[in-house]
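A structural walkthrough
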Amino acid sequence: MDLTINGTKHQIDIEPETPLLWVLRDELGMTGTKYGCGVAQCGACTVLVDGVATRSCVTTVDSVVGAQITTIEAIEEDPIGQKVVQAWVAHQVPQCGYCQSGQVMAATALLKETPQPGDEDIASAMVNLCRCGTYNAIIAAVRDAAQA
Amino acid sequence: MNDMFIKSREIGKPFKLSRRGFIGASLGALALGVVVPAGRARAQAAQAVVPGTRVSAFIEIRPDSTVLFRSAFIEGGQGIFTAMAQIVGEELDVDPANFTVEGAPPGPDYLLIGGARFTGGSMSVRMSYDAMRKLGASARMMLMQAAATQLDVPVAELSTEPGRVLHAKSGRSIPYGELVDAAAGLPVPEEVALRDSADFRWIGKPVGRLDAHDKSTGKAQYSIDLKVDGMLYAAVQHSPHLGGEPDSLQNEAEVAGMPGVHSVHRLPGAVAVVANSWWRARMAVEALQVTWTEPAPDVSRAMPADFSTEAHLAALKAAPGDGIAFEEEGDVSAALAGAAKVVEASYDAPYLAHGQLEPPSALVRWNEDGTLELWAPNQAPEMFQAHAAKVADIEPGQVIVHSPLLGGFFGRHFLYETANPFPQAILLSKAVGRPIKLIWSREEEFLRDALRPMSAVRFRAGLDADGLPVALHAVSAGEGPAGRWFGRDPDKVDSTAVEGIAGKVYAIKNRRVGHIHVDDPAIIGFWRSVGHSMNDFFYETFFDEMADVGGHDPYELRHRLLADSPRHRNLLEAVAELAGGWKRGPFEAEDGSRRARGVAMASPFGSEVATIAEVSIQQGQIVVHDIWVAIDPGSIVNPAIIEAQVNSAVALGLSSALLEEVVYVDGVPQARNYDGYPILTPDQMPRVHVRIVESGAPMGGIGEPGVPGVPPAVANAVSTLTGRRVRSLPLSKFSLEEGGAT
Ligand code: FES
Ligand code: FES
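Residues numbered from 1 in each chain as written. Chains lettered and ligands numbered in written order. Predicted model: local features only at pLDDT ≥ 70, side-chain atom pairs only at ≥ 80, totals over all residues. Heavy atoms only, no water.

**Re the domain arrangement of chain B**
Where interface size is quoted, it is often the accessible area lost as the parts come together. Residues and elements named next belong to chain B. Taken domain by domain, chain B comprises domain 1 (2-214), domain 2 (224-295 + 360-439) and domain 3 (319-351 + 452-733). A straight line from the C-alpha centre of domain 2 to that of domain 3 covers 38 Å. Carbon and sulfur atoms supply 71% of the area buried between domain 2 and domain 3, which totals about 850 Å² over both sides. The three residues of domain 2 that bury the most area against domain 3 are His-241, Phe-410 and Tyr-416, which together make up 54% of that side's buried surface. Our enumeration of links across domain 2 and domain 3 arrives at zero salt bridges. Across the side of domain 2 that touches domain 3, the residue classes break down as seven nonpolar, three polar and two charged. (Domains from an automatic or database assignment. Buried area = accessible area lost by both parts, 1.4 Å probe. Salt bridge = Lys/Arg side-chain N within 4 Å of Asp/Glu carboxyl O. Nonpolar A, V, L, I, M, F, W, Y, C, P; charged D, E, K, R; others polar.)

As structure tokens, then:
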């Protein structure tokens, strides 16, 4: 299978139903994308598939052959991703940080689709769980990144 | 939890770290007995080391004058690495931004919590503040002494600016990085002067977190992310009932032939598959058809096959008597008998899961020199080291423990006999002769987490003719986690079972807080704010019941009963002011919604907290709009981190109040992932307003104190809206129809 991840092609030989998350983490050593629940509940595993926020724990690898996959490892190569990261640092969003790769990916997808999101847009896009309760800082950072 | 360590020291018994022998282990029989805490054993063996004094154990100054600091405390989001850099950097004279901080290995230098070491009880900063300042100041002095020799000037003529020693007279300066070798050979000074707090540049300031960028870009590495050469992956399936053992594996050969599978294993209470990726290991282990034995009669802590939370709650509620007194003042019986009115109510709170977002894992490697290396999320490296040595059957000194960043902890990563994956990883690695990374799936985590205990409390209060409380009688039933893990004296009450019912600050003359120990069949553990997480809910909501029956406003009654306690009265006034003044409601908000406010106070972990919540009910859902928190930790290190920790504590406290409950039926937890155990979602998060009050009292904790006030403040507001008292959590069980009887 050919996967395009962060602009680079990777040849992967694996069972086609393997979740993309575990291909990234175990086959390619890209551990920035996190495992939290494995059942599309938490969003820690969020990556971009053709720019759309996607939960990689329930995305089989064969379904993304031919797509452009972006992970947190390349986030600062993307101009919008870079703005998001800057806002995240400015607002000191992360606590334990474990959910934050997914949060940053979700925010980047939102701002790619909707550069000037309203409160509703933010609420419907930023649905990933954070056990550390960084939700208010996340919203503030998304608003700021949109202004930047 | 404040008292847990102190208590176990007072009793003078060894910490009981494990009570259950591994039975039927096919990877070598292991008997896990009583273990002396590594901390104490080492402290005795190494009398020469005074914890927190040997500069070289903590501080490594690199050639570029940046600092590598080994922290006695583990970073799990509470900001402790940054706080350490601020405290040490202030005295060492190095900008905290030039620090790299990592978790220290086990060792006598790091036993800063009364001769032991763990990250918990909101103790890290307050227990080490003085020692860490002195450490930084000592290192600075050593650098100045080295510079004095090099420049051939008296040390008194030298000063420092961040990262360098200055000789103002001659205008010469030397970067710290160039003085390291000379300074390292010098003795640590006996006495050093500390910086005047008026001159602090970093302590007390909102210094940015050292890890914010790495955590925003996926570069931060947690245990689950680590990899070593030659490593294989492992996944497990546990016995549904703790204590059951794998009997027959019907399809073992078939599973062994699945893609990538290296081997199939039986472990104590579990089966495991080792494979060349975790996903393959997991698919295979979950495909295994296992017959589990019922626990043998002598297996302690076995989960009864008929255990249910419903029945356990009924047993707690029915526990007879007044229990052993923990707190007793005046004559509560006489005061109750003479009271104008008596108020009675029973309360309860459920088991809770930690739900930290990083599933537990362990990476284990046996080295050629016979040492064992362990990377695992942990809050207590020495305890993990001692236990790992037992499991591996080697000396503690042969176990090298690494303590990576924690993807949340909230009390999850103490040593809990059956809730830690690392013993399994050690056995598997030994069996296959390769390094092993074992990850528990979220489902296995929900099956084996150590739970916040369930508890039930009966209150009786006596009011005088003016409706003021003159007697309070509380009986709590359950078990505290400190007693479970650090030894319980049957004649004494475990403070972690009653903290938050006892230790309240209101002037009620006659009081008795009793506790009935009821053995908890579940594996229980520490959960952020421990006993306070439910006990302040019980007490502070019952307080409103007393106020209502006595005809007093709940804020005014609190204020009145704090007349002789200026610190608490100020704090209560501070939170009201922050909220724009106290109003109970119900009132109509600007958006037309009908709202009410609840107030609560708590005294957890050496800090004082006052909380107000504003709540409405919309479309049958509780909506919490705002939470105001005034917190007095005495004095502070980083206001930005405190504000973040209060936000985090509010989220967890609210999550527990609204949603969380571990339910067991037939000995198994009903929820095995977040779909069955909902936690607070972004749309449920209120605005959080924080005021930090520095009263100058001894420094208190920060990580946990924000939690306990939230459930009662919210529940009190809900009661005002509905006209019915909330006496059981979570609120998702509470019928929200307004009005009606209590
Ligand atoms: S790990 Fe994919 S949504 Fe939780
Ligand atoms: S920062 Fe810890 S889970 Fe979000």
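Back to the write-up after that little detour.
**Regarding the packing of helix 12 (residues 381-392) of chain B against helix 13 (residues 422-432) of chain B**
The axes of two packed helices give the description: the angle between them and the distance between them. Residue and element names in this part refer to chain B. Where helix 12 contacts helix 13, the axes come no closer than 10 Å and their chain directions differ by 35°. Judged by the twist between their axes, the crossing of helix 12 over helix 13 is right-handed. Contact with helix 12, carried on its side by Phe-384, His-387, Ala-388, Val-391 and Ala-392, involves Phe-422, Pro-423, Ile-426, Leu-427 and Lys-430 of helix 13 and no other residues of that element. Here the residues of the contact of helix 12 with helix 13 sort into eight nonpolar, one polar and one charged. (Axes fitted to C-alpha atoms, helices over the stretch in contact; angles between N-to-C directions. Helix = DSSP H or I, 4+ residues; strand = E, 2+ residues; numbered from the N terminus. Left-handed = near helix turned anticlockwise from the far one by under 90°. Contact = heavy atoms within 4.5 Å.)

**Considering the environment of Ser-529 of chain B**
Residue and element names in this part refer to chain B. On the secondary structure map, Ser-529 appears in the loop between strand 20 (510-517) and helix 17 (532-550). Separated by 266 residues in the primary sequence, Ser-529 and Ser-263 place their C-alpha atoms 42 Å from one another. The contacts of Ser-529, once residues within four sequence positions are left out, are Glu-499, Phe-605, Glu-704, Val-707 and Pro-708.

**A few points about the interface of chain A and chain B**
Listed as interface residues are 44 residues of chain A and, on the opposing side, 61 residues of chain B. Taken together, chain A and chain B are joined by five salt bridges. Across the salt bridge formed by Lys-34 of chain A and Asp-225 of chain B, the nearest N and O atoms sit 2.5 Å from each other. At the junction of chain A with chain B, the criterion picks out 26 residue pairs in polar contact (both at pLDDT 80 or more). Breaking the side of chain A that touches chain B down by element, the ones donating at least two residues are helix 1 (20-27), helix 2 (79-90), helix 3 (100-113) and helix 5 (135-147) of chain A. Here the side of chain A that touches chain B takes four residues from helix 1 of chain A, the largest share from any one element. Classifying every residue of the side of chain A that touches chain B by side-chain character gives 23 nonpolar, 13 polar and eight charged. (Polar contact = N/O pair within 3.5 Å; in protein donor to acceptor, adjacent residues only side chain to side chain.)

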